[in-house]
Amino acid sequence: MENGAVYNETTEPQAPRRPLFGCTLRRLWGWRLAVKVVQTIFSFVAVLCEEIVDNCITCGGLYFFEFISCSAFLLSLLILCVYCTDLYQSLGKDKVQKL
């Protein structure tokens, strides 16, 4: 049967396929994506290096470094998740900029 054209005009259009977990690189691509990925990796390595230290004499600096490196890792991971998923559209551009 040659009714393909009839069915295409009368049926509802198919919704575009969503990528896996809503991942997209439309808003964060090129050198910005590379910088955020490298920043996330470096902050994770800093957390791991801090955890390797067994003994310290004055631990105040080590605890401060732990706080900063862990915060940097979690915030850079949050930025990657927001910009590379559908969460950006759900929140809206204004709320993301405030965040």
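Small disclaimer: the values here were computed from a predicted structure and weren't measured.

In this structure, what is going on with the overall build of the protein chain? I would like to understand it.
For the protein chain, the count of helices and strands is five helices and zero strands. Start at the N end of the protein chain and walk to the C end: the helices and strands fall as α-α-α-α-α. Every one of the 99 residues in the protein chain was classed for burial, and the buried ones make up 22%. When contacts within the protein chain are restricted to residue pairs at least 6 apart in sequence, those whose partners lie at least 24 apart make up 69%. Surface accessibility of the protein chain: about 8400 Å² in total, with carbon and sulfur atoms responsible for 66%.

What is the right way to read the side chain of Ser43 from this model?
By secondary structure assignment, the location of Ser43 is in helix 2 (residues 31-52). One polar contact links the side chain of Ser43 to the main-chain carbonyl oxygen of Thr40, over a distance of 2.9 Å. Residue contacts for Ser43: discarding those within four places in its chain leaves Ser69, Ala72, Phe73 and Ser76.

I tried to follow the packing of helix 2 against helix 3 (residues 60-83) on my own but got confused; where do I start?
Packed helices, taken two at a time, are described by their axes: the angle between them and the distance between them. Following both chains from N to C, one finds helix 2 and helix 3 inclined at 150°, their axes separated by 8 Å at the closest point. Looking at the two axes, helix 2 sits roughly antiparallel to helix 3. The handedness of the crossing between helix 2 and helix 3 comes out as left-handed. Residues Leu33, Lys36, Val37, Gln39, Thr40, Ser43, Phe44, Ala46, Val47, Glu50 and Glu51 of helix 2 pack against Leu62, Phe65, Glu66, Ser69, Cys70, Ala72, Phe73, Ser76, Leu77, Ile79 and Leu80 of helix 3. When its residues are assigned to classes, the contact of helix 2 with helix 3 shows 13 nonpolar, five polar and four charged.

Just to check I follow, could you spell out the UniProt feature "transmembrane region" (unreviewed entry) in the protein chain for this structure?
Cross-referencing UniProt, the feature "transmembrane region" (unreviewed entry) maps to residues 28-48 and 60-85 in the present numbering. Across residues 28-48, helical content stands at 86% and strand content at 0%; the span's end C-alpha atoms are separated by 27 Å. With 92% helix and 0% strand, residues 60-85 has end C-alpha atoms that lie 38 Å from one another.

Is there a simple way to think about the packing of aromatic side chains in this case?
Each pair of aromatic rings is reported with the distance of its centres and the angle of its planes. All chains considered together, the criterion is met by one aromatic pair. Plain terms: the ring middles of Phe44 and Phe73 are 5.2 Å apart, the flat faces sit at 40° to each other, and that makes the pair tilted. Highlighted residues: Phe44 in helix 2 and Phe73 in helix 3, separated in sequence by 29 residues. Residue classification places Phe73 among the buried residues on the basis of a relative accessible area of 18%.

Help me understand the side chain of Ser76, please; the structure alone is not making it clear to me.
Among the secondary structure elements, Ser76 is positioned in helix 3. Separated by 2.8 Å, the side chain of Ser76 and the backbone oxygen of Ala72 make a polar contact. Among all residues touching Ser76, those that are not within four sequence positions of it are Gln39, Thr40 and Ser43.

About the cut-offs
- Position numbers for residues count from 1 along each chain, tracking the sequence in the order it is written.
- Owing to the predicted nature of the model, reporting of local features is limited to residues with pLDDT of at least 70; listing and counting of side-chain atom pairs is limited to 80 or more, with chain, interface and lining totals taken over all residues.
- Hydrogens and waters are ignored; side-chain quantities use all the structure's heavy atoms.
- Secondary structure elements are taken from DSSP: a helix is a run of H or I of four residues or more, a strand is a run of E of two residues or more, and numbering for both begins at the N terminus.
- The buried label goes to any residue with under 20% of its type's maximum accessible area, the exposed label to any with over 50%, and the partly exposed label to all in between, with areas taken from a 1.4 Å probe on protein chains only.
- We call two residues contacting when some pair of their heavy atoms lies within 4.5 Å.
- Method for areas: the Shrake-Rupley scheme with a 1.4 Å probe, in which residue coverage is limited to the protein chains shown.
- Two N or O atoms form a polar contact when they lie within 3.5 Å of each other; inside protein one atom must be a possible hydrogen donor and the other a possible acceptor, and for residues adjacent in sequence the pair counts only when both atoms belong to side chains.
- Each axis is a line fitted through C-alpha atoms, taken for helices only over the stretch in contact, and angles between the N-to-C directions span 0 to 180 degrees.
- Roughly parallel means an angle under 35 degrees; roughly antiparallel means over 145; roughly perpendicular covers 65 to 115; every other angle is labelled oblique.
- Should the near helix be turned anticlockwise from the far one by less than a right angle, the crossing is left-handed, and should it be turned clockwise, the crossing is right-handed.
- Note on residue classes: Ala, Val, Leu, Ile, Met, Phe, Trp, Tyr, Cys and Pro are nonpolar, Asp, Glu, Lys and Arg are charged, and everything else, Gly too, is polar.
- UniProt positions are given in the numbering used here, feature names are shortened, and annotations may be inferred rather than shown by experiment.
- Note on aromatic pairs: the rings of Phe, Tyr and Trp (six-membered ring only in Trp) are paired at centre separations within 6.5 Å, and the planes decide the class, stacked below 30 degrees, edge-to-face beyond 60, tilted for the rest.

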